[in-house]
Amino acid sequence: MMIHEINDKIWEHMKSDCSKCSGLCCTALFFSKTDGFPKDKASGQPCINLLKDYRCKIHSQLEKQKMKGCIGYDCFGAGQQVTQVIYQGQTWNDIPNQSTEIFDVFVIVFKLYQIRYYLIEASSLISAQPLKKSIQYLIEENIKMCHYRPDSILSLDLEEYRHRANQSLKQVCKLLQQSIHSESKKVPANFLGGNFRGQDMSGADLSTKLLIAANFEKSLFKGTIFLGADTRDTNFSDADLSEAVFLTQGQVNAAKGNRNTKLPYQLDYPPTWK
Ligand code: SF4
């Protein structure tokens, strides 16, 4: 099997497939109107727009109705894993006495999938041992945990696992920055709404930065780290993100861009990018 075929298979598994889920994100999670969802709602309560067959009643109008929270959300494929594998096709509607358990399991599996996404990318970026081996071990451990029975998933020590994964990811970030620049590129303290059009952001660490509504049209992001950055309404039109690191589908969905924006291999163009 060719390398790109292996990669295709790995990344395909990390893509959300709502047709194999039971509207878990639209039901299990708490969300609020101010974050771009239809209405404030408690966790475990189905969204007012969720249909009986788990499709969204306003799916084609999400952009028009400014449902930015819905557009920006991505479960990394956790929803179909919980519905099809862990509960073998049974949904919270089929077994209502277990609905709370299903929602709690989804929240944990989502967090595990999010960590796995970063680990898979980290593993593909580095060759240094023993770090690569320890990341691959963390991925295997993650896959096993996501196949556990619900009671075992609920009793996982997620924080302990997350801590180990974070340690490895920090080392990867450090190595990446060393390979691009001798020291970390200094980045502005504040990006909110700023104009950075045409800037070379290569090698910058934008982890957890608030990039909301910043303008990065025609900018370059070679080896730029996006771990946990807030990209709501960030403008990436005509920008080159093809070698951006730890950029997720949710971050891309929440941002603005166009068909000239170059994206990393594993990410899809949001339907809102024309
Ligand atoms: S509006 Fe649609 S996508 Fe958004 S939470 Fe409700 S059902 Fe889900």
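The present account deals with the structure reproduced in this document. (Residues numbered from 1 in each chain as written. Predicted model: local features only at pLDDT ≥ 70, side-chain atom pairs only at ≥ 80, totals over all residues. Heavy atoms only, no water.)

Of the regular secondary structure elements, the protein chain holds 9 helices and 0 strands. Traced from its N-terminal end to its C-terminal end, the protein chain shows the element sequence α-α-α-α-α-α-α-α-α. For the protein chain, the C-alpha radius of gyration of 19 Å lies close to 19 Å, the compact-globule estimate for 274 residues. Overall, the C-alpha framework of the protein chain stretches about 55 × 45 × 35 Å when taken along its three principal axes. (Helix = DSSP H or I, 4+ residues; strand = E, 2+ residues; numbered from the N terminus. Rg over C-alpha atoms; globule rule 2.2 N^0.38 Å.)

Using the criterion set out here, one finds 10 salt bridges in the structure. One salt bridge connects Arg 197 with Glu 217, and the closest N-O pair in it is separated by 3.7 Å. Taken together, the residues Arg 197 in the loop between α8 (158-180) and α9 (249-254) and Glu 217 in the loop between α8 and α9 connect sequence positions 20 residues apart. Among the salt bridges present, the one from Asp 230 reaches Arg 232, with a minimum N-O distance of 2.7 Å. It is possible to trace a salt-bridge network through shared partners that takes in Glu 141, Glu 160 and Arg 164. (Salt bridge = Lys/Arg side-chain N within 4 Å of Asp/Glu carboxyl O.)

Our focus in this paragraph is the site of the ligand. In the neighbourhood of the ligand, the contacting residues comprise Cys 26, Phe 31, Pro 38, Cys 47, Asn 49, Leu 50, Cys 56, Ile 58 and Cys 70. Among the residues forming the shell around the ligand, the class breakdown is 8 nonpolar, 1 polar and no charged. (Near = heavy atom within 4 Å. Nonpolar A, V, L, I, M, F, W, Y, C, P; charged D, E, K, R; others polar.)

All right, on to the packing of helix α5 (residues 99-125) against α8 then. One can describe the packing of α5 onto α8 by two numbers: an axis separation of 10 Å at closest approach and a directional angle of 30 degrees. Considered as vectors, α5 and α8 are oriented roughly parallel to each other. Classified by chirality, the crossing of α8 by α5 is left-handed. Facing Lys 111, Leu 112, Ile 115, Tyr 118, Leu 119, Ala 122 and Leu 125 of α5, the residues of α8 in contact are Leu 158, Tyr 161, Arg 162, Ala 165, Leu 169, Val 172 and Leu 176. For the contact of α5 with α8, a count of residues per class yields 12 nonpolar, no polar and 2 charged. (Axes fitted to C-alpha atoms, helices over the stretch in contact; angles between N-to-C directions. Parallel < 35°, antiparallel > 145°, perpendicular 65-115°, else oblique. Left-handed = near helix turned anticlockwise from the far one by under 90°. Contact = heavy atoms within 4.5 Å.)

Keep in mind these values describe shape, not function.
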